[in-house]
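Structure at a glance
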Amino acid sequence: MTDQTSTAPATPAARHAMAAHMLYVCRENPVTAASFVMFAFFILSALIGPYVVPYDPLATNSAIALQAPSLAHPFGTDNLGRDVFSRVIVATRLDLIISVLAVAISFVIGSILGAISGYRGGWIDSVLNRVLDTIMAFPLFVLAMGIVAAMGNSVTNIIIATAIINIPFYARLVRAEVSIRREAGFTLAAKLAGNSDLRVLALHIFPNSLPPMMVQVSLNLGWAILNAAGLSFIGLGVKPPTPEWGIMVAEGANYIISGEWWMALFPGLWLLLAVFTFNLMGDGLRDIVDPRRRT
Amino acid sequence: MLSIHDLNVSFRTRRGDVNAVKGISFDLAKGERLGIVGESGSGKSVTSYALMRILDAGGRIAAGEAVYSGIDLRRASESAMKDIRGREISMIFQNPRAALNPIRKVGHQIEDVLRQHAQATAANAKEKAIAALEAVRINDAAARYEAYPFELSGGMCQRIVIAIALACNPKLLIADEPTTGLDITTQKTVMDLVDDLVRARGMSSILITHDLGLASQYCDRIVVMKDGLIVEEGDPVALFTNPQHPYTNRLVEATPRRGVRIRSLLPEDQRTPEPPRTIGNDPLLDVINLKKTYMGKSGPVHAVKGISFTIREGESVGLVGESGCGKSTTSAMIVRLLEASSGQILYRGEDLATLPALQFAHHPLRSKIQMVFQDATDSLNPRHTARQSIAEPLLRMSKLRGDKLRARVEELATLTGLPTHLLDRFPHQLSGGQKARVGIARAIAPDPDLLILDEPTAALDVSIQALVLNLLCDLRARLGMSYLFVSHDLNVVRLLCDKVVVMKGGAIVEAGSVSDVMDAPSDPYTRELLSAAPQAPQRSIA
């Protein structure tokens, strides 16, 4: 945590304790450990996937179109003869970038808005809450569709749209977490120690709301991936021939009835695994950032 | 009537089984009032939970017998226990507000227990519930029947809890710290009420408390528990005047009471002479006609109605009063966490009340006025280690960094008696006394001249309280600090303070030197406070 290193000298003992604690969390909960392993796999796919896949994900070859999974093409080939396995792996990078960036933006903006409204209260709080209510009153996917349709069909706009629909969840959570600690003893003590209100809020109150935020982040990463894939599925956002799980499912869907199930199944499976991984990671992340879980 | 033999209670935890109660035995006769006294972690509450079979998940009676009027409480079926709880054995819990359902009218909550034990029908339940409220001397019981818990004061809530506990005329009443968190005069009325009811109905009672004085006033016999074992048993006077076990002796000595010095609270081998200190003639802090008025929904609320007092250099002043008297508001204004409505706070002649509280964080005087908070747990950031908490004011208000900062934090820890190897622990890994020391070390870190102590020992066991009070006594002599000691406990104020200011309803009712106010109070309210404080039987000087 950056606040810990900036407010007092971190000791090697403390860093060691953090590592030991992570190990403990993983050992205590094998599901968490499994989700971290899967997360590492997705990160690795995103980082080095494009360099290690056996085929060029964009190279078409009509001679081998619509082949069932085989040793040469473990996930089969699509209607243009592209290797589905290579495309699924290469798509990881784009899907992760969209979801992580969208969640990061909504986390930051939501945290700032929620922290201010929770700490200040009064009319700022009322106004902000009504604005957030308005956003949440829309069906979120329809809102995202509208934003992308209005702002133009690009990856950047998908990220922005996904971020906007997620902001209210963070803002509300942070607001609640901040407002219950506004009058806490350690907040008053921090003021007496000569901290300005901004410092008290940013370095003392906000970090204490991180544990529940981590659960929200991990669930949100899953939703963000689904959201981006959903937008691509209906033709908004990422354009073909770019490999992306949502488009690939959309393209493959046309072929399911004629028996070529692999085109839609494998990108869908990866989508499912990614969402699954993020959701499972939540509790583990919370336990890691919460010092009270350490004994 | 109740016979416990070799009772063992254990809890399953991450690190294997923990024995909370390790084989205790006692008997309770009909009509007897038993006190179980011990400090936190002694197993006194767990014993009562085991009798009621309401132990937390993972807890179980590992061995031993508990027989109530021929019923084996350990082996009784859950449905049999349901009939026993409330009708035969009832319990009053520590926090009355938490023991009541916040969204149900209190009258209905009494009806629930009457209906559960078939003591009332739908037709006469209301009538009986009102009668139960009248039995605990609630005025205008019919109107209170309709009240929700949040509309009632703490003392009133505890009366409701007592009404629920006694509604079905149980034979045995277990009261688990029934007056913790209540004001001292409320404590007296609640305890007197329970005592009268128990005697009038010929019930037996078990009072579980950490307060030896309270137990000695309201019990016929006391058992002292420590670490899950009974160390001593006897009648209150004998226990006080001639304790056999060293632990009982230490507990008796650590209880603040009339006529002792602060050092006598400590075990004999730790009684070093009190360090000398000088009280100057110049005023350090002059509070003049200080007022605080809030705008409430139904007009202005006068929390502090124009109070004036002076703290001289090196002097310790006690600010005494019950909840709602304005003592916390006063201290918050002095420490600049709250704006004053009007009046002056002169610190060495400079008026702090004119400086906005919001900007005071960067004022040079910030370091000179510091505060120790009531709840040590709540006042430490759960994400910061003890070292980070103590270093915080130094980082903000001094230029110490790196090794010098580390050395200063360790010096402060040593000064407050906190072992330096505990500095890298988080608050939840420290005991209550250790957390209190971290809070004190943090407050004295920027070298304040005035330390405001807001009930710093209220949440601590008496033996820990004795240590902390003596630490405060040493620190003021060593560092030349003045104290404003905010407390409801007159016995503690008497030990530590030179002067005392008694507040009631936002105004000062009496002020003067400790000996004047305590030994010859002129105001009836002060007299009431003094008489309400439970006094342990005086120890014969042998």
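My aim in this report is to walk through the structure given alongside it, one point at a time. (Residues numbered from 1 in each chain as written. Chains lettered and ligands numbered in written order. Predicted model: local features only at pLDDT ≥ 70, side-chain atom pairs only at ≥ 80, totals over all residues. Heavy atoms only, no water.)

With that settled, the discussion passes to the overall build of chain B. Looking only at helices and strands, chain B has 19 helices and 20 strands in total. Scaling as 2.2 N^0.38, a compact globule of 542 residues should have a C-alpha radius of gyration of about 24 Å, and chain B matches this with 25 Å. Principal-axis analysis of the C-alpha atoms gives chain B an extent of 70 × 55 × 50 Å. Within the span of chain B, comprising 542 residues, buried residues form 54% of the whole. Between the centroid of the 65 positive side chains of chain B and the centroid of its 62 negative side chains there is a distance of 4 Å. (Helix = DSSP H or I, 4+ residues; strand = E, 2+ residues; numbered from the N terminus. Rg over C-alpha atoms; globule rule 2.2 N^0.38 Å. Buried < 20%, exposed > 50% of the residue type's maximum accessible area, 1.4 Å probe, protein only. Lys, Arg positive; Asp, Glu negative; His and termini not counted. Charge placed at Lys NZ, Arg CZ, Asp CG, Glu CD.)

Let's shift gears to the state of the cysteines. All names here are of chain B. Applying the stated criterion across every chain, the model contains zero disulfides over all chains. For cysteine 473, which is in no disulfide, the shortest distance to another cysteine sulfur is to cysteine 497 and amounts to 11 Å. By relative accessible area, which is 3% here, cysteine 473 ends up buried. (Disulfide = S-S within 2.5 Å.)

Let's shift gears to the environment of methionine 518 of chain B. Residue and element names in this part refer to chain B. Tracing the backbone shows methionine 518 in helix α18 (residues 514-519). Its relative accessible area of 4% is what places methionine 518 among the buried residues. The sequence separation of methionine 518 and valine 493 amounts to 25 residues, and the corresponding C-alpha distance is 9.8 Å. Setting aside residues no more than four positions away along its own chain, methionine 518 makes contact with Leu490, Val493, Arg494 and Leu530. (Contact = heavy atoms within 4.5 Å.)

Attention now goes to the sheet that holds strand β9 (residues 221-226) of chain B. All names here are of chain B. Pairing is mixed across the open sheet formed by six strands, whose spatial order is β6-β7-β8-β3-β9-β10. The sheet is open, and its two borders are formed by β6 (89-92) and β10 (229-234), each paired with just one other strand. Here the average twist between neighbouring strands, direction ignored, is 20 degrees. Summarising the sheet, β6 and strand β7 (residues 172-176) pair through four bridges and their orientation is parallel. Residue pairing across strands places isoleucine 92 opposite alanine 175, the latter belonging to β7. The strands that helix α7 (residues 154-166) touches are β6 and β7; relative to β6, the one it contacts most, it runs at about 175 degrees. (Pairing = 2+ DSSP bridges. Axes fitted to C-alpha atoms, helices over the stretch in contact; angles between N-to-C directions.)

Counting residues at the interface gives 33 residues for chain B and 33 residues for chain A. On inspection of chain B and its partner chain A, the count reaches zero salt bridges. Run the count over chain B and chain A and you get eight residue pairs in polar contact (both at pLDDT 80 or more). Of all elements in the fold, only β16 (369-372), α13 (386-397) and α14 (402-415) of chain B reach the threshold of two or more residues within the side of chain B that touches chain A. Per-class residue counts for the side of chain B that touches chain A are 14 nonpolar, eight polar and 11 charged. (Salt bridge = Lys/Arg side-chain N within 4 Å of Asp/Glu carboxyl O. Polar contact = N/O pair within 3.5 Å; in protein donor to acceptor, adjacent residues only side chain to side chain. Nonpolar A, V, L, I, M, F, W, Y, C, P; charged D, E, K, R; others polar.)

Below, the discussion takes up the packing of aromatic side chains. Evaluated as defined, the whole model comprises 12 aromatic pairs over all chains. One aromatic cluster is present, formed by Phe41, Phe42, Phe75, Phe85, Trp245, Trp261, Trp262, Phe266 and Trp270 of chain A through successive ring pairs. Geometry around tyrosine 294 of chain B places lysine 292 of chain B over its ring, the cationic atom sitting 5.3 Å from the centre. (Phe/Tyr/Trp six-rings, centres within 6.5 Å; stacked < 30°, edge-to-face > 60°. Lys NZ or Arg CZ within 6 Å of the ring centre and 35° of its normal.)

All names here are of chain B. When you line up the elements, histidine 245 lands in the loop between α10 (236-241) and α11 (246-254). With a relative accessible area of 27%, histidine 245 lands in the partly exposed category. Beyond its immediate sequence surroundings of up to four residues, histidine 245 is in contact with Val231 and Glu232. Among the polar contacts made by the side chain of histidine 245, one reaches the main-chain amide nitrogen of tyrosine 247 at a distance of 2.9 Å.

Let's shift gears to the side chain of asparagine 470 of chain B. As for its placement among the helices and strands, asparagine 470 of chain B is situated in helix α16 (residues 462-479). Those residues in contact with asparagine 470 of chain B, other than ones at most four positions away along the chain, are Ile262, Arg263, Leu265 and Leu266 of chain B.

Attention shifts here to unusual backbone geometry. Phi angles above zero are rare outside glycine, and asparagine 289 of chain B is one such case at about 50 degrees. Taking the relative accessible area as the measure of exposure, asparagine 289 of chain B reaches 38% and is therefore partly exposed.

This paragraph deals with the nonpolar core. Residues and elements named next belong to chain B. Core analysis: the largest hydrophobic core is formed by 57 residues, its most contacted members being Leu451, Leu472, Leu475, Tyr483, Phe485 and Leu496. Looking at which element gives the most residues to this core, the answer is α16, with seven residues. With residues near it in sequence (within four places) discarded, leucine 496 still touches Ile262, Ser316, Leu469, Leu472, Cys473, Arg476, Tyr483 and Phe485. (Core = buried A, V, L, I, M, F, W, Y, C linked by side-chain atoms within 4.5 Å.)

Moving on: a nonpolar patch on the surface. Among the surface-exposed residues, Ile43, Leu44, Leu47, Ile48, Tyr51 and Val52 of chain A lie close enough to one another that they form a single nonpolar patch of about 620 Å² accessible area. Along the chain, valine 52 of chain A falls in helix α3 (residues 30-52). (Patch = residues over 30% accessible without salt bridge, like charges linked within 9 Å, V, L, I, M, F, W, Y side chains within 5 Å. Areas by Shrake-Rupley, 256 points an atom, 1.4 Å probe, with all protein chains shown as cover.)

Moving on, we get to the pairing of β10 of chain B. Residues and elements named next belong to chain B. Where β9 meets β10, five bridges bridge the pair, whose relative direction is antiparallel. Within the sheet, the bridge partner assigned to valine 224 lies in β10 and is glutamate 232. Between β9 and β10, which pair antiparallel and follow one another directly, the connecting turn spans two residues, one of which, aspartate 227, has a positive phi of 50 degrees.

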